[in-house]
Every structure is written in structure tokens, then in C-alpha cells.
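Structure assessment
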Amino acid sequence: GAGVSQSPRYKVAKRGQDVALRCDPISGHVSLFWYQQALGQGPEFLTYFQNEAQLDKSGLPSDRFFAERPEGSVSTLKIQRTQQEDSAVYLCASSFQGIAKNIQYFGAGTRLSVL
Amino acid sequence: DQQVKQNSPSLSVQEGRISILNCDYTNSMFDYFLWYKKYPAEGPTFLISISSIKDKNEDGRFTVFLNKSAKHLSLHIVPSQPGDSAVYFCAASGLGGGATNKLIFGTGTLLAVQP
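What counts and what doesn't
- Residues numbered from 1 in each chain as written.
- Chains lettered and ligands numbered in written order.
- Predicted model: local features only at pLDDT ≥ 70, side-chain atom pairs only at ≥ 80, totals over all residues.
- Heavy atoms only, no water.
- Patch = residues over 30% accessible without salt bridge, like charges linked within 9 Å, V, L, I, M, F, W, Y side chains within 5 Å.
- Areas by Shrake-Rupley, 256 points an atom, 1.4 Å probe, with all protein chains shown as cover.
- Salt bridge = Lys/Arg side-chain N within 4 Å of Asp/Glu carboxyl O.
- Helix = DSSP H or I, 4+ residues; strand = E, 2+ residues; numbered from the N terminus.
- Buried < 20%, exposed > 50% of the residue type's maximum accessible area, 1.4 Å probe, protein only.
- Disulfide = S-S within 2.5 Å.
- Contact = heavy atoms within 4.5 Å.
- Polar contact = N/O pair within 3.5 Å; in protein donor to acceptor, adjacent residues only side chain to side chain.

Observations concerning a nonpolar patch on the surface
Residue and element names in this part refer to chain B.
- Side chains of Ile18, Ile20 and Val78 sit close together on the surface and give an oily, nonpolar patch of about 220 Å² of accessible area.
- Mapped onto the secondary structure, Ile18 falls in the loop between β2 (10–14) and β3 (19–25).
- With relative accessibility at 40%, the residue Ile18 sits in the partly exposed group.

Description of the state of the cysteines
All names here are of chain B.
- Summed over all chains, the structure comprises two disulfides over all chains.
- Note that Cys23 is cross-linked by a disulfide to Cys90, the S-S spacing being 2.1 Å. Every disulfide takes its handedness from the sign of the S-S torsion; for Cys23 and Cys90 that torsion is -70°, giving left-handed. One end of the pair, Cys23, is in strand β3; the other, Cys90, is in strand β9 (residues 86–93), and 67 residues separate them in sequence. With respect to burial, Cys23 and Cys90 carry one shared label: buried.

Structural notes on the environment of B:Thr109
Residues and elements named next belong to chain B.
- Position of Thr109 relative to the elements: it lies in strand β11 (residues 109–114).
- Among the residues examined, Thr109 registers a relative accessible area of 2% and is labelled buried.
- For the pair Thr109 and Asp1, spaced 108 residues apart in the sequence, the C-alpha separation amounts to 19 Å.
- Leaving out residues up to four positions away in the same chain, Thr109 has contacts with Gln6, Ser8, Pro9, Ser10, Leu11, Leu21, Ala86, Val87 and Tyr88.
- In terms of polar contacts, Thr109 uses its side chain to reach the backbone carbonyl oxygen of Ser8, at 2.7 Å.

So, in C-alpha cells, the structure goes:
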């Protein structure tokens, strides 16, 4: 089967624009994670879903960031009124089980550039 | 405060020799550790993992060692191949706090294997 798919691969936004980033996890994976990776850094946790429930959003940097997974499969990360510091690669990962120590499988990411 | 540290930004090794990548962590609550490999413009790819109840895990050319008392783990690649050239991320999980199994990443080590 297919891996984790993210779209778009690249997004350029003017400061103040809203953007929506999509993640298609591996079929049947219960858990879905969003990470933000700044240049030269490791990925940093943003938020976590178990099925459709958003169980942890402690990593979201501000209330301009919003994520949803309404049917427990596809997820969307929305950033409102983008700012230059939002420029980063946004990675989505999925894993089979929610609580057990499971391997997370990553998509290729969306590179967001805010001008 | 960086909870997972990779103090070597880069490493260069001759083909056929051993590559040793190091990782230190500060939080004794971590109980699961993973290594990911990342090529440019791709997402991180899972390589190997180890639970805190073990001190060694081996998979082909890749071996991970865990020293809990020193809060240190290392990845050994033997023999190194040019295709191993990539950025390697160490990650840890198990901080609890509910159902989240988020990964805490180091900043990565760029491995270059010279032919």
C-alpha cells in the first residue's frame, strides 16, 4: 500500500494569507501526528489525533494553527494569517496503534514559505 | 531546553568502515528510542528502534546501543556504504501525559560516506 501522502509539496504564501495543508495517512492507521521542522532542526511535535479525536495539541505555537481529522483518516492543518516565522517544513506521520510504542511513518512534508 | 541532543552536526566516513552516530538525552522518563534517516526533499524514514528494557538491537548492518545510566545511545553502521549518506535523526518517546506517543527529535547528524 501507499505511504503517507502530503499535499501540496510546496506552498508559497503572502504574509497574512490562510493556508491549508493536507495529510493522507496510511490506511488503517489510528494515530496521526503533525510536526514542524525548521531549517537545520529536528521535527517538533505540533498535535496528535487518535482516530478523529485530537488528544494533544500542546505543540501548536499559537491559536492561528488549527488541525482537524473529521472522519478519522485524512487530516488538515490550517494556519491562519500566516507570518514569516511560520516558514518551515510541515511533516505528517501515522502509526498503527495509539498508545503502544509504535513506529511513526512520515510523509515527504509540505514546505511552506511565507513572504 | 533540548531533551534529545546530537552533538555532532556532521560525520565523514570511508566506504566499508564503521559509522558511529551518537545521541544523548536528558529525561529518564523516555522509554523508547528510534533512529530515522532523511534524504533531501523526503520525509524521515524509520531505520531501527530500541526499548529501554534492552541495551542492544541489531538489524542487518545497523545496530543501536542504549546505555541508560549514561542516558546515551548510538547507532553503528557496518560496513558503511555511499547510499547511507543522509541526515540521521535520533528520537525518543514515552513521556506519558495521556495517550500521546509523540517523538522528541535531536537536531540530526549529516553522514557522508566517501567512496
